[in-house]
Amino acid sequence: MLTRPGQVWLVFISSSYQMSLQNSFLRSVRTRGSRHPEAAIQRSDAGLTLLEVTIAFVILTLSTLTALGLMVGSMCLDATNRETAQAMAAARGVVEGMQGQEFSQIFALYNGNPNDDPVGVAAPGCAFAVGGLAPQQQVAGTIRFPDTPNSELREDVYIPELGLPMDLNGDGIIDGLDHSQDYKILPVIVEIQWVGKVGDRELSLHALLMETGS
Ligand SMILES: [Ca+2]
Ligand SMILES: [Ca+2]
């Protein structure tokens, strides 16, 4: 089990204090009980040396454990940073892929409904793998829109992190109709969930896509 730096120093201070008390007590007993004070002092000095060596060993051990703990913590932090960078790059890659598509087809291409896929275009769908990251479920990446289970793109969905409810077709009204065919703004959430080195982790990228020049 790894010891955190704060715990290590607490043990170190406590151990030193107890040993100091014990040392004072032993010196007092030996000096009073001996018929030969000089011999008693020599034995006491020998005991002190042994005790000092013991203390030094304890300090060395605790210092090594502290350094090891810091090293492992640094390695975990590096791994976590690498995982986050991988996830962010993958999420940005998905959004960039969307931007390379015909704007009016993005929703149909990247939603979870294969029945509305445009003819003649390979639809990526709403799930994607992320190289180098172990998924928590079948795939690590998912794409979400403000839509219903039957693939209606809605303005009246409550997703505050994306600013919804929102007027998506630019008519100045927020209604409860399907805007999958006339949207001018397309909110999207790209989520990545993976099993990281220090446990389950997730990252979300929120974006509002708009047609260039509109
Ligand atoms: Ca589709
Ligand atoms: Ca509207």
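See the structure printed just above.
The shown structure was predicted, so the numbers you read here are calculated from the model rather than taken from an experiment.

A. Representation of the overall build of the chain. Broken down by element type, the chain carries three helices and five strands. Here the chain holds 214 residues, and 16% of them are scored as buried. Taking contacts inside the chain between residues at least 6 apart in sequence as the whole, the part at least 24 apart equals 53%.

B. Up close: the pairing of strand 5 (residues 199-210). Bridging between strand 4 (residues 185-196) and strand 5 involves twelve bridges; their strand directions are antiparallel. In the sheet register, glutamine 193 faces strand 5, and the bridge partner there is glutamate 202.

C. Quick peek at the nonpolar core. Of all hydrophobic cores here, the largest spans 24 residues; its most connected members are Ala87, Ala91, Phe107, Val130 and Ile192. Elements represented by at least two residues in this core include exactly helix 2 (37-99), helix 3 (106-110) and strand 4.

D. Quick look at the environment of phenylalanine 145. Tracing the sequence through the fold places phenylalanine 145 in the loop between strand 3 (141-144) and strand 4. On the neighbour-count criterion, phenylalanine 145 (23 C-beta atoms within 10 Å) is buried. Among residues more than four places away in sequence, those in contact with phenylalanine 145 are Phe107, Asn111, Leu153, Pro187 and Val188.

Rules used in this analysis
Residues numbered from 1 in each chain as written. Chains lettered and ligands numbered in written order. Predicted model: local features only at pLDDT ≥ 70, side-chain atom pairs only at ≥ 80, totals over all residues. Helix = DSSP H or I, 4+ residues; strand = E, 2+ residues; numbered from the N terminus. Buried ≥ 20, exposed ≤ 12 C-beta atoms within 10 Å, placed from the backbone. Contact = placed C-beta atoms within 7 Å. Pairing = 2+ DSSP bridges. Core = buried A, V, L, I, M, F, W, Y, C linked by C-beta atoms within 7 Å.

Limitation: the analysis is restricted to geometry and does not speak to function.
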